[in-house]
Amino acid sequence: MIKRISEKEIFKSKIFKIKELELELEGGKRVTRQILEKGDGALIVPINSHNELILIKEYFPAIDEYQLGLPKGRIDPGMDALTTANKELQEEIGYKAKKLDELAVLTMSPGYITQKTHIFLARELVESKLIGDEMEELEIVFYPFDKFEELITQKKITEARMIAALYMARKFLTEV
C-alpha cells in the first residue's frame with residue numbers, strides 16, 4: 001500500500017496551490033509527485049417549470065472561448081455544498097430553488113487535482129437575485145432540457161463535468 005511521507009507547498013495562487021508529495025511505495029521505494037490542490041465546488045442543473053435548462057453564455061479564459069455553461073461556484077470555507085448551490089443560482093441566473101437534489105460528487109483527474117464537484121438538480125425555481133463576483137454581465141439562455149444533447153453535438157457545451165451533470169439529471173428525472 002502506498003504511504004504519504006511528506007508534502008510541501010511549492011506554489012500558491014488565489015484559487016489553487018501546487019504541492020509536492022513524497023510517497024513510499026510497497027517495497028520501500030520513494031517517489032515524488034505534484035498535485036494541484038483546489039477547493040471543492042458546486043455545479044447546478046437548473047430546470048424551470050417549462051422544462052427548460054437555464055444556461056449561461058460565459059467566457060472560459062483557459063480555452064479562450066465563449067460557451068454555454070451551468071451555474072457553478074466554489075464552496076467557501078464554512079459553507080456547505082447545498083447552500084453554495086442555491087447562492088450560485090441566485091448570483092448567476094437570478095433564481096433560487098425550492099427543490100435541490102444532490103446527484104453526485106465528481107472528481108476530475110484525481111491523480112493530481114484534489115477538487116470535488118457536487119452536482120445538483122435544481123427545480124421549483126423562483127426569482128431571487130444576489131450580486132455575484134462574475135467578471136462580466138452574464139447572458140442567460142433558456143434551452144429545452146430534452147434537447148441538451150444538441151448543444152454537446154454543436155460543441156456549445158464541452159466541459160466534461162457539465163455534460164456528465166446533464167446526463168445524470170436526465171437519468172434522475174426518468175427514475176423519479
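Here, every reference points to the structure presented above.
Residues numbered from 1 in each chain as written. Predicted model: local features only at pLDDT ≥ 70, side-chain atom pairs only at ≥ 80, totals over all residues. Heavy atoms only, no water.

### Here we look at the layout of surface pockets
We count it as follows: The pocket and cavity definitions rest on a 1 Å grid over protein atoms only: a 1.4 Å probe that fits but cannot leave marks a cavity, an open set with protein on both sides within 12 Å along at least five of seven lines marks a pocket, and residues lining either have an atom within 4 Å of a point. Grid points are joined across faces, edges and corners, and a volume is the space filled by probe spheres set on the points. Secondary structure elements follow DSSP: runs of H or I no shorter than four residues count as helices, runs of E no shorter than two count as strands, and numbering proceeds from the N terminus. Residue type decides the class: Asp, Glu, Lys and Arg count as charged, Ala, Val, Leu, Ile, Met, Phe, Trp, Tyr, Cys and Pro as nonpolar, and the leftover types, Gly among them, as polar.
There is about 1400 Å³ of room inside the largest pocket. Contributing to the lining of the largest pocket are 34 residues, with Ile15, Lys38, Phe60, Lys72 and Arg161 lying nearest its centre. Of all the secondary structure elements, the ones that give two or more residues to the lining of the largest pocket are strand 4 (41–46), strand 5 (52–60), strand 7 (72–74) and helix 1 (81–92). Ranked by residues supplied to the lining of the largest pocket, first place goes to helix 1 with four residues. Residues that form the lining of the largest pocket fall into these classes: 13 nonpolar, six polar and 15 charged. Its boundaries defined by the atoms lining it, the second largest pocket holds a volume of some 180 Å³.

### Brief notes about the pattern of salt bridges
When the charged atoms of two side chains with opposite charge come close together, those side chains can pair. Rules: When a carboxyl oxygen of Asp or Glu is within 4 Å of a side-chain nitrogen of Lys or Arg, the pair counts as a salt bridge. For the exposure calls, accessible area comes from a 1.4 Å probe over protein chains only, and a residue counts as buried if that area is under 20% of its type's maximum, exposed if over 50%, partly exposed in between.
Per the stated rule, a full pass over the model turns up 14 salt bridges. A salt bridge links Glu88 to Lys87; its shortest N-O distance comes to 3.2 Å. By relative accessible area, which is 5% here, Glu88 ends up buried. Note that Glu175 is salt-bridged to Lys171, the shortest N-O span being 2.7 Å. Pair noted here: Glu175 and Lys171 are both in helix 3 (residues 160–175), with a separation of four residues, about one helical turn.

### Let's talk about the sheet that holds strand 6 (residues 65–69)
For the record, the criterion: Pairs of strands are assigned from DSSP output, requiring at least two bridges between the strands. The axes used here are C-alpha line fits, helices contributing only the stretch in contact, and every angle between their N-to-C directions lies in the interval 0 to 180 degrees.
Pairing in this open sheet of three strands is antiparallel, and the strands run 6-5-10 from one edge to the other. The open sheet has two edge strands, strand 6 and strand 10 (139–144), and neither has a second partner. Direction aside, the axes of adjacent strands within the sheet are offset by 30° on average. The pairing of strand 5 with strand 10 spans six bridges and is antiparallel. If you follow Glu52 over to strand 10, its bridge partner there is Pro144.

### Comments concerning the environment of Glu175
What makes Glu175 exposed here is its relative accessible area of 56%. Separated by 35 residues in sequence, Glu175 and Ile140 place their C-alpha atoms 28 Å apart.

### Here's the deal with the packing of aromatic side chains
Selection criterion: Any Phe, Tyr or Trp ring, taking Trp's six-membered ring, that has another such ring centre within 6.5 Å forms a pair; planes under 30 degrees apart are called stacked, those over 60 apart edge-to-face, and the others tilted. Two limits define a charge over a ring: the Lys NZ or Arg CZ must be within 6 Å of the ring centre, and within 35 degrees of the ring normal.
In this structure the tally under the stated criterion is four aromatic pairs. Judged by centre distance (5.4 Å) and plane angle (35°), the rings of Phe145 and Phe148 are tilted. Each ring, one from Phe148 and one from Tyr167, has its centre 5.1 Å from the other, and the planes form 80°; the classification is edge-to-face. Taken together, the residues Phe148 in helix 2 (residues 148–153) and Tyr167 in helix 3 connect sequence positions 19 residues apart. Exposure remark for Tyr167: the relative accessible area of 33% places this residue in the partly exposed category. Every member of this aromatic cluster is reached through a ring pair, and the members are Phe145, Phe148 and Tyr167. For Lys57, the ring lying beneath its charged end belongs to Tyr66, and the centroid distance is 5.9 Å.

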